[in-house]
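Below are the chains, spelled out letter by letter.
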Amino acid sequence: MYWDADKVAEPIAYKLLAATIMPRPIARVVTQDAEGHLNAAPYSFFNAMGSNPPTIAIGIQSDTGRGFKDTAANIHATGEFVVNLVPEEMVQAMNITAVDAPQGMNELDLAGLETLPSTRIKPPRIKGSPVAFECQLLSSVVTGPHQTVVIGRVVGVHIDDACVLNAERAHINTPALNLVARSFGSTYVRAQDTFELARPNW
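None of these values were measured; they are calculated from a predicted model. (Residues numbered from 1 in each chain as written. Predicted model: local features only at pLDDT ≥ 70, side-chain atom pairs only at ≥ 80, totals over all residues. Heavy atoms only, no water.)

Draft legend 1. Summary view of the overall build of the protein. From N to C terminus, the protein includes 5 helices and 14 strands. Its C-alpha radius of gyration of 17 Å places the protein within 12% of the 17 Å reference for a compact globule of 202 residues. Principal-axis analysis of the C-alpha atoms gives the protein an extent of 50 × 50 × 35 Å. Across the protein, contacts joining residues at least 24 apart in sequence account for 60% of those joining residues at least 6 apart. Carbon and sulfur atoms provide 54% of the accessible area of the protein, an area that totals close to 12300 Å². Side chains of the protein give 15 positive and 20 negative charges; the mean places of these two sets differ by 4 Å. (Helix = DSSP H or I, 4+ residues; strand = E, 2+ residues; numbered from the N terminus. Rg over C-alpha atoms; globule rule 2.2 N^0.38 Å. Contact = heavy atoms within 4.5 Å. Areas by Shrake-Rupley, 256 points an atom, 1.4 Å probe, with all protein chains shown as cover. Lys, Arg positive; Asp, Glu negative; His and termini not counted. Charge placed at Lys NZ, Arg CZ, Asp CG, Glu CD.)

Structure representation (structure tokens):
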């Protein structure tokens, strides 16, 4: 079956991507506007893009009828954001922060989430998230009407001490992070079903 991506409606395009590009890690992004109001929202169009410098990218779709989502608007305005990864025990709270709340609403309060101060940037990180990346805006590409890809430079990494095996060599107990990822529709996947595959040498 073939779909011409220039001719399908946006919901169809979304389904074609979201149902096939999976699992996708979840970036629960905390931002702060110029007045200091906080915003939190999860995004699964997200991944690491490089390590020199450490770089991540997040695809942020438009807020239907309202323009740029608060996350994108705040990042464009301040140049700072925190990406918090989502463990299974926090998935319900993550889902609450996905609500289409009125503009300016603090989703952290709605979900009953506490924050901890970041080290190098103003937006805080979410208490209980086993991994948090402090990011500064490196670049942003507007890819459609109020749709943008934000590229962030990671300037600080917080990882739960209980999941660090060797800090000097950055050996992390990845299974202990207990992260979840997004699949299709309202389906999520756990990061526990893994297998080993050695990379070949030439």
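Draft legend 2. The arrangement of the layout of surface pockets in detail. Taken as a whole, the largest pocket encloses approximately 880 Å³ of empty space. By residue number, the principal contributor to the lining of the largest pocket is strand β3 (residues 38-43), which donates 5 residues. Looking at the lining of the largest pocket residue by residue, the class counts come to 12 nonpolar, 11 polar and 8 charged. Around the second largest pocket, the lining is made up of 27 residues, and of these P25, F46, L85, F133 and L179 lie nearest the centre. Elements represented by at least two residues in the lining of the second largest pocket include exactly β4 (46-51), β5 (54-60), β9 (131-144), β10 (147-159), α5 (174-177), β13 (180-182) and β14 (188-190). Among the elements that line the lining of the second largest pocket, the one with the most residues is β4, at 5 residues. (1 Å grid on protein atoms, 1.4 Å probe; cavity = no way out; pocket = protein on both sides within 12 Å on 5 of 7 lines; lining within 4 Å. Points joined across faces, edges and corners; volume = space filled by probe spheres on them. Nonpolar A, V, L, I, M, F, W, Y, C, P; charged D, E, K, R; others polar.)

Draft legend 3. Structural detail: the sheet that holds β3. Pairing within the open sheet is antiparallel, and its 7 strands lie in the order β3-β2-β6-β9-β10-β5-β4. Looking along the sheet, the strands with just one partner apiece sit at the ends: β3 and β4. The average angle at which neighbouring strand axes cross in this sheet is 30°, direction not considered. Relative to β5, β4 runs antiparallel, the two sharing 5 bridges. Note that in β5 the partner of S51 across the bridge is P54. (Pairing = 2+ DSSP bridges. Axes fitted to C-alpha atoms, helices over the stretch in contact; angles between N-to-C directions.)

Draft legend 4. Looking closely at the pairing of strand β2 (residues 27-32). Counting buried positions along β2 gives 6 out of 6 residues, so the element sits mostly inside the fold. Covered by surrounding structure in β2 are A27, V29 and T31 together with R28, V30 and Q32, the residues of both alternating faces. Summarising the sheet, β2 and β3 pair through 6 bridges and their orientation is antiparallel. Looking across to β3, one finds that T31 is bridged to N39. Taken together, β2 and the strand that follows it, β3, pair antiparallel across an intervening segment of 5 residues, in which G36 is found at a positive phi of about 95°. In this structure, β2 lies alongside strand β6 (residues 80-84), joined through 3 bridges in antiparallel fashion. Within β6, the position partnered with V30 by the bridge is V82. (Buried < 20%, exposed > 50% of the residue type's maximum accessible area, 1.4 Å probe, protein only.)

Draft legend 5. Summary view of the pattern of salt bridges. The full count for this structure, using the stated rule, is 3 salt bridges. Among the salt bridges present, the one from E88 reaches R190, with a minimum N-O distance of 2.8 Å. Of this pair, E88 sits in the loop between β6 and α3 (91-96) while R190 sits in strand β14, placing them 102 residues apart in sequence. We note a salt bridge from E114 to K127, for which the minimum N-O separation is 3.8 Å. Placement of E114 in the loop between α4 (107-110) and β7 (115-116) and of K127 in the loop between β8 (125-126) and β9 is noted, with a sequence separation of 13 residues between them. (Salt bridge = Lys/Arg side-chain N within 4 Å of Asp/Glu carboxyl O.)

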